[in-house]
Amino acid sequence: MKVRLLTGLLSLLMPALVLAGEYNLTVDRVEIDTGDFVKEGIGYNGKSPGPVLRFKEGEDVRINVTNNLDEATSIHWHGLILPFEQDGVPGISFPGIQPGETFTYEFPITQAGTYWFHSHSGFQEPDGAFGAIVIEPEGREPFRYDREYVIQLTDKHPHSGDRIMRNLKMMPDYYNRQQQTVGEFFSDASSNGLMDTIKDRMAWGDMRMMKADVEDVQGFTGMINGKGPAQNWTGLFEPGERVRLRFINSSAMTYFDVRIPGLDMTVIQADGNNVQPVNVDEFRIGVAETYDVIVHPRDEQAYTIFAESMGRSGFARATLAPEEGMEAPIPPMRDPARLTMADMAGMPGMDHGDMDHGDMAASEDMDHSSMENMDDSKMKDMDHGSMDGMDHSKMGGDDGQPSDPFYAKGSGIMPVAANDGKFLSYADLKAQKPLYEEREPTREIELRLTGNMERYTWSINGVKYEDADPIRLQYGERVRFKFVNETMMTHPMHLHGMWSILDVGAGKWNPIKHTVSVQPGTTVYMETEVDAPGQWAFHCHLSYHAAAGMFRKVIVEGGPDSTQAKTDVAIEEGGDA
Amino acid sequence: MSRIRSLITVSLLGSMVFPTAVAAQEMIADTTSRKQALTSWGVQFEELEYRYSDDDEELGVWSADFFYGTDDLKVRWLTKGEYAIEEQAYEGLENQLVAQVPISDFFDAKAGVRFDTPEGPDRTYAVLGITGLAPQWFEIDANLYVNEEGDTSAGLDAEYELLLTNYWILSAAVDATVAFSEDREIGVGKGLVSTETGLRLSYDLVDRAFSPYIGVVHERKYGDTADIAEAESGSTEDWFAVIGARIAF
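Residues numbered from 1 in each chain as written. Chains lettered and ligands numbered in written order. Predicted model: local features only at pLDDT ≥ 70, side-chain atom pairs only at ≥ 80, totals over all residues. Heavy atoms only, no water.

So, on to the sheet that holds strand β22 (residues 471-474) of chain A. Consider a sheet: its strands pair through backbone hydrogen bonds, and that pairing is either parallel or antiparallel. Residues and elements named next belong to chain A. Spatially, five strands are ordered β22-β30-β29-β24-β27 in an open sheet, and the strand pairing comes out mixed. If you trace the sheet from one side to the other, it starts and ends with β22 and β27 (515-518), each paired once. Within this sheet the neighbouring strands show an average axis-to-axis angle of 20°, counted without direction. (Pairing = 2+ DSSP bridges. Helix = DSSP H or I, 4+ residues; strand = E, 2+ residues; numbered from the N terminus. Axes fitted to C-alpha atoms, helices over the stretch in contact; angles between N-to-C directions.)

Written as structure tokens, this is what we have:
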């Protein structure tokens, strides 16, 4: 009843609508069949993934969400710019949607591109509660294509999200089946020498860190549009057509390296915002990111869309073909990635100066005495100064080695294209049309990404969400966020409600994103125009990292009076949850 | 309709009367479960096995651990038993209830009580210990015990897992007990009391939830404790073949 009143109220307050669309979503228990296993999960309108919601820029949407679960739920519209009370984060934007309740979201669509939606309650998203959003632009698009497909990736696991979290808390390596074995010791010893191999193992053992710690949660089946590798989702094309593929990574935990053997891909959009076209052979899609690419298959043949997980523990596969039933070979997965000491360089107490990034040799140059700092969580002793020297323009492949300024130099997870061709880097992303005037940031906020793998705790500046104060921003300021990754894992950081302008060193052409991956041992900057009043979530989008504490509430103070009045109304309604 | 209109009037009036400075942030409390500390639980049987000794003794043995709590505070129930199958008697039966808090990145401190209720006299101890992961991946559990008589003893457990493959795991465990005072009634002499060394080869059959293993265990008593055992015509050294399973859920 209250919801309906609120809805009525808001619609009365709004000006006459030119374009308005009404959409209905039910949140349901569903069965998910990956081809490897069948698992109960959560979906929308009876399916996981849910439907593709197609909106038009300039439209005012009303989305009625009916909760058929026996627990509270929510939907977050990932990447959409909207009033904060429509953002769908329980406890931050609204009280959540109770069982049996229908909540009506209502907001204007002020952007175009590829986005997605998902539950922000518990582990419903890893359990299957997500779908895609495609927004048609008002104006003409600066590229041509004949047809388009959404390619929504996920990492479906046979265990429920709750169980995965509990297992990780009990045994952080529960799902890691790529650990270094006796066999690997001997093969390393024969290729690198016995003493170097022993030194290497001792150096990692001293830190109590695993080189194999690239993917926390293995054992999943990679899926595309709800189909496992054997079920082979297929998109049809006529030879000669340009096909736009809207890649969305809806995984709980998994980064995918995507390629289509035999086809060049032209990246035209990242996180919903057009970029200056880049031709690539392969790209890595972080959790929660989207990339739109155009391919131009000329031949009457099938092509495999192959998405290997970053740690090579699993893959998703789909097919582009002129006819249903055709398929192309599935390439074998490459060897599992191993972290190097370069990826550890952000850790407190490591001696940056002495680091030799030449892989194995690195362990010899490590200063073990300084590493003892790590035992007693003396966060204040850390020296960040040495990270500041990162100069994006200078770091590009100076010695012919694969190089990406957004990875630590000598990183073990530095991506390399399978055909030795072009692998997309953040440094290649340039905005097609800047959204904001370029200006000096008003201040810088440093966020150290921190954690303890052995305890499976994840935090920001050493503080978990449960113990943290909100980050307070002032409406109208431009904040420069400095992410310093002090862990050995990659973190896709997602700020709700406002754009993340990723600093790739391109000035006004810096790309506009909603999710920014920060690789181990690196520092990444992004700027945000604080133009959305209210309160917002800001977190690592790896589901179990967010739940373990790598999460913050951001409060935007001040703002236009009109929005203030509106938030007060919404809050009065939602306050008693 | 009129009701809705009056509501609008009220809320508009409201927003005029109350200063708009009563901002959003103060109004929606953070009710996300994320804002509460994550509570977890787990059950692990490190050992659940049948032992057959070199002098034909048969034992059923377990060593298990139940925990519940948060990153900052866990309650742990540790239970260990050795049941002599032929005698139908507990040679050892030990239950500990401890509270556990982190003291460094890799170590926790724990404090609590231990109840020993095997065949024969019972004992109650206060427990103070540390547990965690030492460099080079040694799992360490060290405890200090004081009983109601004031007898003190210490125990040290260390374990190392060698990954033959990612599923075949060879684990070596050493438990040693030292007594700082004699407790003749339960057969404990002053000094190094006993060691138990085990080598087990396991295979992760179902995730890490069910891992059957085979192995050998060597038990030995030392010094005064060995003398006491000999005086009571007990053995001072035993070899066991073991078969069992590690269980976690």
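Okay, back to it.
Right, let's get into the sheet that holds strand β7 (residues 113-118) of chain A. Residues and elements named next belong to chain A. Across the sheet, four strands lie side by side as β3-β8-β7-β5; this open sheet has mixed pairing. Each edge of the open sheet carries a strand with a single partner, namely β3 (52-56) and β5 (76-78). With strand direction ignored, the average angle separating the axes of adjacent strands in the sheet is 25°. Looking at chain direction, β5 and β7 are connected through three bridges and run antiparallel. If you follow His76 over to β7, its bridge partner there is His118.

Residue and element names in this part refer to chain A. Contact geometry of helix α3 (residues 182-192) with helix α4 (residues 194-207) gives a least axis separation of 7 Å together with a crossing angle of 130°. Our classification of the angle between α3 and α4 gives oblique. Crossing angle aside, the handedness with which α3 passes α4 is right-handed. Taken together, the residues of α4 that come into contact with α3 (itself represented by Glu184, Phe185, Asp188, Ala189 and Asn192) are Leu194, Asp196, Thr197, Ile198 and Arg201. (Parallel < 35°, antiparallel > 145°, perpendicular 65-115°, else oblique. Left-handed = near helix turned anticlockwise from the far one by under 90°. Contact = heavy atoms within 4.5 Å.)

Turning our attention to the pairing of strand β21 (residues 457-460) of chain A. All names here are of chain A. Burial of β21 is two-sided: the residues Thr457 and Ser459 facing one way and the residues Trp458 and Ile460 facing the other way are all buried. One ladder, built from four bridges, connects strand β20 (residues 443-452) with β21; its direction is antiparallel. Paired with Leu449 across the two strands is Ile460, which belongs to β21. Following β20, the chain reverses through four residues before pairing antiparallel with β21; Tyr456 in that reversal takes a positive phi of roughly 50°. (Buried < 20%, exposed > 50% of the residue type's maximum accessible area, 1.4 Å probe, protein only.)

Here we take up the pairing of strand β30 (residues 551-557) of chain A. Residues and elements named next belong to chain A. Taken across its seven residues, β30 has seven buried, putting it largely inside the fold. By the alternation rule, side chains of β30 split into Phe551, Lys553, Ile555 and Glu557 and Arg552, Val554 and Val556, which are all buried. The pairing of β22 with β30 spans four bridges and is parallel. Within the sheet, the bridge partner assigned to Ile471 lies in β30 and is Val554. Pairing geometry for strand β29 (residues 534-540) and β30, over six bridges, is antiparallel. Bridging from a neighbouring strand, Phe538 pairs with Arg552 of β30.

It is worth spelling out helix α2 (residues 161-170) of chain A at this point. In terms of burial, α2 of chain A is a largely internal element, eight of the 10 residues being buried. Among all positions in α2 of chain A, only Gly161, Ile164, Met165, Arg166, Asn167, Leu168, Lys169 and Met170 of chain A are buried. Buried residues belonging to α2 of chain A abut β21 and α8 (543-547) of chain A together with β1 (40-53), β2 (58-69) and β12 (237-248) of chain B.

Our next topic: the confidence of the model for chain A. Here chain A averages 88 in pLDDT, while 84% of its residues score no lower than 70. Confidence drops under a pLDDT of 50 for residues 351-399 of chain A, and excluding neighbours within four residues, the segment shows 84 contacts in the predicted structure. (pLDDT = per-residue confidence, 0-100.)

Attention now goes to the pattern of salt bridges. Taken as a whole and assessed by the stated rule, the structure comprises 57 salt bridges over all chains. With a closest N to O distance of 3.3 Å, Arg62 of chain A and Glu22 of chain A form a salt bridge. A residue pair is termed long-range when its members are at least 10 positions apart, and Arg62 of chain A in strand β4 (residues 60-67) and Glu22 of chain A in strand β1 (residues 20-33) qualify at 40 residues. With a relative accessible area of 24%, Arg62 of chain A lands in the partly exposed category. For Glu22 of chain A, a relative accessible area of 49% gives the class partly exposed. Here Arg51 of chain B makes a salt bridge to Glu47 of chain B, at a shortest N to O gap of 3.6 Å. Judged by its relative accessible area of 1%, Arg51 of chain B is buried. For Glu47 of chain B, a relative accessible area of 13% translates into the label buried. One continuous salt-bridge network, built from bridges that share partners, spans Asp257, Arg259, Glu282, Arg284, Glu308, Arg312 and Arg334 of chain A. (Salt bridge = Lys/Arg side-chain N within 4 Å of Asp/Glu carboxyl O.)

Residues and elements named next belong to chain A. Among the residues making up α3, those that are buried are Glu184, Phe185, Asp188 and Ala189. Seen end-on, α3 carries its buried residues on one side only, within an arc spanning 140°. Of the exposed residues in α3, those oriented more than 90 degrees away from the buried face are Phe186, Ser190 and Ser191. Where α3 is buried, its residues contact α4. Directly beyond the C-terminal end of α3, a positive phi value near 95° is found at Gly193. (Arc of directions from axis to C-beta.)

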